[in-house]
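Residues per chain, in single letters:
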Amino acid sequence: MGSKQQRVIFLADCQSFYASVEKAAHPEYKDKPLVVAGDPARRSGIILAACPIAKDYGVTTAERLGESLSKCPELIIVKPRMQMYIDVSLRITEIYESFTDLVEPFSIDEQFLDVTNSVGMFGSPTEMAKQIQTQIKLATGVFSRVGISSTKMLAKMACDNFAKKNAEGIYMMPKETISEDLWKQPIEKMFGVGSRMKKHFFQLGIHSIGDLAQTPLPRLRSLLKAKFGKNADIHADLLWQTANGIDDSRVTPSTHRVAPKSIGHMMTLPRDYVTGEEIDTILLELTEEICRDARRKRYMGSTVTVGCMCSPFDAPTGFSRQMTMPDPTNNTDTVYKAARSLFYRFWDGMPVRRAGVTISGLVKDEEYQLTMFDNQERQRALEKATDYIKDRFGSAAIIRASSAGIAGQAQHRSLKIGGHYK
Ligand SMILES: [Mg+2]
């Protein structure tokens, strides 16, 4: 799927996001240790964000306020202002969108950018990342870090493992050389691997990301199957692909924009189509195209409409008919079956000049956030495997891997509710 062109993907992350926004709003706290805490009035309140100075005192995100205060009694404690953070996050999105129109929020403070088509205008990827950093700093006071690679997953791991740890806050990690940096990282540094998963990998003799990448896939499948049961081989595939930098998922913009009413495509055929075989082919092509579009935009439709126009043009015949399906879907097979049965019910047998397929009654594709695989069955199976491992070993082990496709809905939800208020 897709072209073979090497993409240039950024994952840009905001350092200590809530705390940085508060510091920009309160210049008087500039050189003070500051935290944003869920309930500043209570020592049991949870730290949502700590500025780098507070972190130097050993204060960490998610610990209790009382604990932080014992490490740093002069801590400035601010209560969260989620709407403001959302506004700043959207402002940052606008800045990214001035560099490329392919911007996808991943969380309130992390966004993916596909800059393949625009990087040439800004010099090298690193130069471009520097310009982005400067603009964000000027506009919001926030320091951003940028991981650069050719896939979303590698860009994310480049950011988390390297860009966050160097002074420039930029790290370029080409897929061709991951054996020299990423593979040397311990296994728990891989996206999707939590502390529980780490323990299991250690028992299997897999200590580094490179160990995982270099385990032959069939062997990894059987190792994980032996440990977690038969559904685990799909999870094995996902982990192995992640370690090897294999990730075709696209940067999908505008998940927070106005929802479309329908997704459809109509095409004029190069000549009249008359045989069932020709018509099946064109219906399948149209269906494939709109379903792929729907999956990319993360919608499922419950109504299928099929239309055609038949020659001659001066006295055209034709029809447009729709039917409702039992469940919303963006599965090509399901939509194709519906489109085909509709078509043959209403077609009068005249030569076809134009044909179109549309799905409408769109709902958000909440259930299928895994863009690693275009195939829904595979996604379903993967979700089952993920749920199974989650149930047995706790969600921490896998929660990030399950959103490995890095979807629009999840991050949009967390954008709306601020992530921490669940
Ligand atoms: Mg951050």
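The structure presented is a predicted model; accordingly, all values stated were derived computationally and were not measured.

### Let's talk about the environment of lysine 156
Along the chain, the position of lysine 156 falls in helix H6 (residues 152-161). Residue lysine 156 is classed as buried on the basis of its relative accessible area, which comes to 3%.

### A word on the state of the cysteines
Enumeration over the complete set of coordinates arrives at zero disulfides. Cysteine 308 supplies the cysteine sulfur nearest to cysteine 310, a cysteine that is in no disulfide, at a spacing of 3.8 Å. Here cysteine 310 falls in the buried class, since its relative accessible area comes to 1%.

### Some remarks on the coordination of the magnesium ion
Tetrahedral coordination by four donors sets the ideal angle at the metal to 109.5 degrees; octahedral coordination by six donors sets it to 90 or 180 degrees. For the magnesium ion, the full set of protein donor atoms is Asp13 (OD), Cys14 (O) and Asp109 (OD), at a range of 2.2 to 2.5 Å. In the primary structure, the donors to the magnesium ion are separated according to the pattern D-C-x94-D. For the residue pair aspartate 13 and cysteine 14, the accessibility class agrees, reading buried in each case.

### Examining the pattern of salt bridges
Counting across every chain of the model gives 19 salt bridges. With its nearest N and O atoms 2.6 Å apart, the salt bridge here joins arginine 81 to glutamate 22. In this pair, arginine 81 sits in the loop between strand E4 (76-78) and helix H4 (82-97) while glutamate 22 sits in helix H1 (residues 17-25), placing the two residues 59 residues apart along the sequence. For glutamate 22, a relative accessible area of 0% corresponds to the buried category. The residue lysine 156 makes a salt bridge to glutamate 110 at a minimum N-O spacing of 2.6 Å. Of this pair, lysine 156 sits in helix H6 while glutamate 110 is found in strand E6 (residues 110-114), placing the two residues 46 residues apart along the sequence. The network of salt bridges with shared partners includes Asp13, Glu110, Arg145, Lys156, Asp160 and Lys164.

### Details of the UniProt feature "binding site: Mg(2+)" (unreviewed entry) in the chain
If you check UniProt for "binding site: Mg(2+)" (unreviewed entry), the listed places come out as Asp13 and Asp109 in our numbering. In three dimensions, the annotated residues from a span of 97 residues occupy one location, with a maximal C-alpha spread of 5.7 Å. One can find aspartate 13 in strand E1 (residues 9-14). By the secondary structure assignment, aspartate 109 is in the loop between strand E5 (103-107) and E6. Look at aspartate 109 and you get buried, because its relative accessible area is 16%.

The rules behind these values
- Every chain begins its residue count from 1, and numbering advances along the sequence as written.
- Reporting in this predicted model follows two pLDDT cut-offs: at least 70 for local features of residues, and 80 or more for side-chain atom pairs to be given and counted; totals over whole chains, interfaces and linings ignore these cut-offs and use all residues.
- Water and hydrogen atoms play no part in the side-chain values, which are based on all heavy atoms of the structure.
- Per the convention used, a helix needs a DSSP run of H or I reaching at least four residues, while a strand needs a run of E reaching at least two, with both numbered from the N terminus.
- Under the scheme applied here, a residue whose accessible area is under 20% of the maximum for its type counts as buried, over 50% as exposed, and between as partly exposed, the area being computed with a 1.4 Å probe on protein chains only.
- What counts as a disulfide here is a pair of cysteine sulfur atoms lying within 2.5 Å.
- The donor set comprises N, O and S atoms within 2.8 Å of the metal, extended to 3.2 Å for Na, K and Ca; water molecules are omitted, so apparent gaps in a site may simply reflect that omission.
- Whenever a carboxyl oxygen of Asp or Glu lies within 4 Å of a side-chain nitrogen of Lys or Arg, that contact is scored as a salt bridge.
- UniProt positions are given in the numbering used here, feature names are shortened, and annotations may be inferred rather than shown by experiment.

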